[in-house]
Amino acid sequence: MPLFEVQDLRVTFHTDDGDVRAVQGMSFSLDRGETLGIVGESGSGKSVSTQTVVGLVNGAEVSGSAVFDGVDLLQASEKTMRGLRGESISMIFQDPLTSLHPLYKVGDQIAEAVKAHRKISRSDARARAVQLLRDVGIPNPEGRAREYPHKFSGGMRQRAMIAMALALEPKMLIADEPTTALDVTVQAQILDLIERLRTEHQTAVILITHDMGVVAEVADKVVVMYAGRPVEVADTRSLFTEPHHPYTQGLLRSIPAFAARLDKLEAIPGAPPSLMVEQTGCPFAPRCPHVVTACTTSVPPLEPAGSAPGHLSACIRSRHAVGVDATDGSAGQSAPSGESTSWKGSASV
Amino acid sequence: MFSFVVRRVIYLVIVLLILSFLTYLLFFGGNPGNIAAQVVGRNATAAQIANTRIRLGLNHSLLYQWWHYVTQAVFHGNLGTDFQNQEPVITEIKQALPVTASLTIGGAILWMLLGIPIGIQSATKPRSIRDRLSTIFALTFLSIPSFVLGLVMLYFLFFDLTDHAHLHWFPSGTYVPITQNVGQWFVHMILPWISIALVSAAVYTRLMRASLLDVLGEDYIRTARAKGLPRRTVLFKHGVRAALSPIVTQFGLDIGTLLGGAVITEQVFSLQGIGKLSLTSLFSKNLPVVSGTILLGAAFIVIFNAIVDVLYAVLDPRVRLS
Ligand SMILES: Nc1ncnc2c1ncn2[C@@H]1O[C@H](COP(=O)(O)OP(=O)(O)OP(=O)(O)O)[C@@H](O)[C@H]1O
Ligand SMILES: [Mg+2]
């Protein structure tokens, strides 16, 4: 049984302007020690889907299931969820600058996370906080623990957030674009840190990112999201060598050597559909280079595609996708070859 | 901190000097002879008026009078002498201040006890029944001037109860000093406190609600929840604590202003406080008293502004005193 299995997760916000269908049928599973990458354009529902399953989204209509270690998180009581959050499931958020409380010392904020779940003394919790700050590579951790977040740089704040998330050696870590706000060298260090956690403690990691290079480097498998739906699910190697969904192909084609970010490159012409309108066909159809009439009549379900086991794609062409790719050829050729540095990194995963 | 205090004290002195001068200037924009005539009374002879002018120092130049007032205030600490009864102004202020302070402090406690919890309640459950009820409460009292509220309460809770229902819930008469009888002091202050507090409570309800709603949408609140902290800890330690700054500002300003005299409420409930003192002295052209109460009010506002700034720095590590 996988550690975490999400099935047909749907999240709808009822707003004054109408219903926002932020997530429409998200499914994935994750084992201990495994890293799942979730990629997709801004607004595709990456944050909403992960924050919903840990109960951090308020006022939305939620359906589906999210079974973690035998407990369905969507049915669990607030008390159960409180016990799991921080203890078994930790999160690192998108924006390190605003995720720490401005009025409390960094060390105290980390100690608070420890004290929320363990019966230990104040001073022991403090000592643990200092140890954690040292673990994540913050120089002079004793002094830094007594400082307020505004004295920390962005990278240091994200490290502090990671220290907080790692405080109780969680079974699963959800890292929501942990490096987006940081510069490249800090990015690599933060990713190393997460990677170390995974190997040392068998922590399962969900890594949300815009960065295909990061996915190639650290993820075991990938979910590609588009307009609130998973459009392709595959293990990393299979996704990069044999992308089936035209959206994934477009993503890979537009990114030289996997190094650039999706949000920076106007990769695919057009924009994703409004989440306020109920989709009657494939949500990607208006931007798809291979669109046919059948695409607009029903929403294609995730179905096995290609030869790799577990490779799923939500495209009517995927059923005979191998053939299409062979004749079309563009996706396979433009995907980076083995010489790419990013790709070498991922080969060891 | 030390240099902050020094700077604020200098600032206070300058404000008081300018204000006292402006008071004199405005006052003598009229006719000083006329003032003397009013002070002596209706049937005074020309000679009496002239004598009074000299006695009150009104024959000197404006600048001289002002400077005399300032040196008197500084070296004798008496803030001048009452035109009417020859008492040092400071004595009259000392009598009136406890009344106004009682009104202010009691009222403030009451409006905080009402406004803050209601504000927190409605911010935690926006659009709930309770939130709507509290909005109605707030809008109702925000739209009633406090003196109308005072008069209405006086009518129904005092005259009506006493005269018709013969219920002596609220005593007649005015202020009883707290040093004389704590119980009597308390019951005599209840109606004035309520009349001051209800309107302000509405202001604080709105303020607390808006500020807390903002804070509860912040990323660090999500972090607190992600740590698995209990609801109350998230709400109070992380939420309310961060939402206090606008409350503290408003509170400092309100206290500072009220201590300078709650003119209307004191009038309605015939409390002999600073507000009543300044009103009476204004009507009787009692310049030193007018000036004294104005300076007192200004001093309170400046001082409480400084206190707010200090509290800011205490509450928020990002703020430095400067
Ligand atoms: N509380 C809310 N009320 C209404 N709509 C919301 C709410 N929260 C999120 N949404 C909408 O849900 C959609 C998905 O948002 P989400 O934050 O999950 O995107 P994302 O994939 O994480 O994007 P990014 O890469 O920019 O972080 C967006 O269109 C967003 O506007
Ligand atoms: Mg996001």
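A quick note: this is a predicted structure, and the numbers were derived from the prediction, not measured. Each chain has its residues counted from 1, following the order in which its sequence is written. Each chain is given a letter, starting from A, and each ligand a number, starting from 1, according to the order in which they appear as written. Where totals are concerned, whole chains, interfaces and linings use all residues; where local detail is concerned, this predicted model gives features only for residues with pLDDT of at least 70, and gives and counts side-chain atom pairs only at 80 or more. Calculation of side-chain values draws on the structure's entire complement of heavy atoms; hydrogens and water are dropped beforehand.

Helix and strand content of chain B: 14 helices and zero strands. Every helix listed is a DSSP run of H or I at least four residues long, and every strand listed is a run of E at least two residues long, numbered separately from the N terminus. Going from the N terminus to the C terminus, chain B shows its helices and strands as α-α-α-α-α-α-α-α-α-α-α-α-α-α. When its C-alpha atoms are laid out on the principal axes, chain B stretches across 85 × 60 × 35 Å. When the 322 residues of chain B are sorted by exposure, 45% land in the buried category. Two residues form a contact once any of their heavy atoms are found within 4.5 Å. The contacts of chain B with a sequence gap of at least 6 include a subset with a gap of at least 24, amounting to 69%. Carbon and sulfur atoms make up 67% of the accessible area of chain B, which amounts to about 16600 Å² in all. One way to put it: in chain B the 23 positive side-chain charges average out to a point 9 Å from where the 13 negative ones average out. Buried means the residue's accessible area, taken with a 1.4 Å probe over protein chains only, is under 20% of the maximum for its type, while exposed means over 50%, and partly exposed covers the values in between. Only the protein chains shown count as cover for residues, with accessible areas throughout obtained via the Shrake-Rupley method and a probe of 1.4 Å. The convention is simple: Lys and Arg are positive, Asp and Glu are negative, and His and the chain ends are not counted. Lysine's charge is taken at NZ, arginine's at CZ, aspartate's at CG and glutamate's at CD.

Before going further, it helps to examine the sheet that holds strand E11 (residues 303-304) of chain A. Residues and elements named next belong to chain A. At least two bridges found by DSSP between two strands is the condition for calling them paired. Spatially, E6-E7-E8-E3-E9-E10-E12-E11 is the arrangement adopted by the eight strands of the open sheet, whose pairing is mixed. Sheet topology places strand E6 (89-92) and E11 at the edges, where each strand pairs with a single neighbour. In this structure, strand E10 (residues 229-235) lies alongside strand E12 (residues 312-313), joined through two bridges in antiparallel fashion. Following the sheet pairing, Val 233 is matched in E12 by Leu 312. Note on geometry: axes are lines fitted to C-alpha atoms, helical ones only across the stretch in contact, with angles between N-to-C directions running from 0 to 180 degrees. Each of E6 and strand E7 (172-176) is contacted by helix H7 (residues 154-166), which is oriented at about 175 degrees to E6, the strand it contacts most. Packing against the sheet, helix H11 (residues 246-253) makes contact with strand E9 (221-226) and E10, and its axis sits at approximately 105 degrees to E9.

Every definition here rests on a 1 Å grid over the protein atoms only: cavities are sets of points where a 1.4 Å probe fits but cannot get out, pockets are open sets enclosed by protein on both sides within 12 Å along at least five of seven lines, and lining residues have some atom within 4 Å of a point. Grid points are joined across faces, edges and corners, and a volume is the space filled by probe spheres set on the points. One number sums up the size of the largest pocket: a volume of about 1500 Å³. In terms of lining, the largest pocket is formed by 41 residues, of which the most central are Asn 58 and Gly 59 of chain A together with Thr 124, Arg 225 and Arg 231 of chain B. For the lining of the largest pocket, the secondary structure elements donating two or more residues are strand E1 (4-15), helix H1 (46-53), strand E4 (60-68) and helix H2 (78-84) of chain A together with helix H5 (89-124), helix H8 (182-216), helix H9 (219-226) and helix H10 (231-243) of chain B. The element that contributes the greatest number of residues to the lining of the largest pocket is H10 of chain B, accounting for five residues. Considering only residue class, the lining of the largest pocket consists of 18 nonpolar, 10 polar and 13 charged. For this classification, Asp, Glu, Lys and Arg are treated as charged, while Ala, Val, Leu, Ile, Met, Phe, Trp, Tyr, Cys and Pro are nonpolar and the rest, including Gly, are polar.

What follows covers the interface of chain B and chain A. Counting from both sides, the interface comprises 21 residues of chain B and, opposite them, 26 residues of chain A. Carbon and sulfur atoms make up 55% of the area that chain B and chain A hide from each other, which totals about 2300 Å². Joining two parts hides part of their accessible area as seen by a 1.4 Å probe, and the buried area is that hidden amount summed over both. For chain B, the biggest contributors to the area lost against chain A are Arg 222, Arg 225 and Lys 227 of chain B; these three give 30% of the whole. Here, a salt bridge means any Lys or Arg side-chain nitrogen found within 4 Å of an Asp or Glu carboxyl oxygen. On inspection of chain B and its partner chain A, the count reaches three salt bridges. Ionic pairing is found between Asp 16 of chain A and Arg 127 of chain B, a salt bridge with its closest N-O pair at 3.5 Å. Pairs of N or O atoms are called polar contacts if they sit within 3.5 Å, as long as, within protein, a hydrogen donor faces a hydrogen acceptor (for residues adjacent in sequence, only side-chain-to-side-chain pairs). Linking chain B with chain A are 15 residue pairs in polar contact (both at pLDDT 80 or more). When residues of the side of chain B that touches chain A are traced back to their parent elements, those giving at least two are H9 and H10 of chain B. Partitioned by chemical class, the residues of the side of chain B that touches chain A number seven nonpolar, four polar and 10 charged.

Take the buried residues of types Ala, Val, Leu, Ile, Met, Phe, Trp, Tyr and Cys, join any two whose side-chain atoms come within 4.5 Å, and each joined set is a nonpolar core. Residues Trp 111, Met 208 and Leu 212 of chain B are the most contacted members of the largest nonpolar core, which totals 74 residues. No other element matches the 14 residues that H8 of chain B contributes to this core. In this entry, domain limits derive from an automatic or database-based domain assignment. If you count residues domain by domain, this core takes at least three from each of domain 1 (2-76) and domain 2 (92-315) of chain B. Residues in contact with Trp 111 of chain B, not counting those within four places in the same chain, are Ile 116, Ile 196, Ala 197, Ser 200, Ala 201, Tyr 204, Phe 251, Asp 254 and Leu 258 of chain B. Within the second largest apolar cluster, 71 residues are counted, among which are Leu 84, Met 161, Leu 168 and Leu 207 of chain A.

Moving on to the coordination of the magnesium ion (ligand 2). Residues and elements named next belong to chain A. Each protein donor to the magnesium ion (ligand 2) is listed here as Ser 47 (OG) and Gln 94 (OE1); together their distances run 1.9 to 2.6 Å. One end of the pair, Ser 47, is in helix H1; the other, Gln 94, is in the loop between E6 and helix H3 (96-99), with 47 residues separating them in the sequence. The exposure class assigned to Gln 94 is partly exposed, which follows from its relative accessible area of 35%. Coordination here is defined by N, O and S atoms within 2.8 Å of the metal (3.2 Å for Na, K and Ca), and since water is not considered, a site can look incomplete.

The next thing to look at is the site of ligand 1. Residue and element names in this part refer to chain A. Whether a residue is near a molecule or strand is decided by its heavy atoms; if any one of them lies within 4 Å of it, the residue is near. Surrounding ligand 1, one finds 16 residues, the nearest of these being Ser 42, Lys 46, Ser 47, Val 48 and Gln 94. Separating an oxygen atom of ligand 1 from a side-chain N or O atom of Lys 46 is a distance of 2.8 Å. Within the side chain of Glu 177, an N or O atom sits 3.0 Å from an oxygen atom of ligand 1. Those elements giving two or more residues to the shell around ligand 1 turn out to be E1, strand E2 (18-30) and H1. It is H1 that provides the largest number of residues to the shell around ligand 1, a total of three residues. Residues that form the shell around ligand 1 fall into these classes: five nonpolar, eight polar and three charged.

By the definition in use, this model includes four cavities of 30 Å³ or more. Looking at the largest cavity, its volume works out to about 90 Å³. Taken together, Gly 86, Ser 90, Met 91, Phe 93, Ala 113, Met 161, Met 164 and Ala 165 of chain A together with Thr 223, Ala 226 and Lys 227 of chain B make up the lining of the largest cavity. Residue contributions to the lining of the largest cavity peak at three residues, all from H7 of chain A.

All names here are of chain A. Confidence scores per residue from the predictor, reported as pLDDT, run from 0 to 100. Across chain A, pLDDT averages 86, with 87% of residues at or above 70. Across chain A, element-level confidence peaks in helix H6 (residues 141-145) with a mean pLDDT of 97 and bottoms out in helix H14 (residues 341-347) with 32. In the model, residues 258-262 has pLDDT below 50 throughout and makes 25 contacts with residues more than four positions away in sequence or in other chains. Taken together, the stretch residues 321-349 has pLDDT below 50 and engages in 41 contacts with residues farther than four places along the chain or on a different chain.

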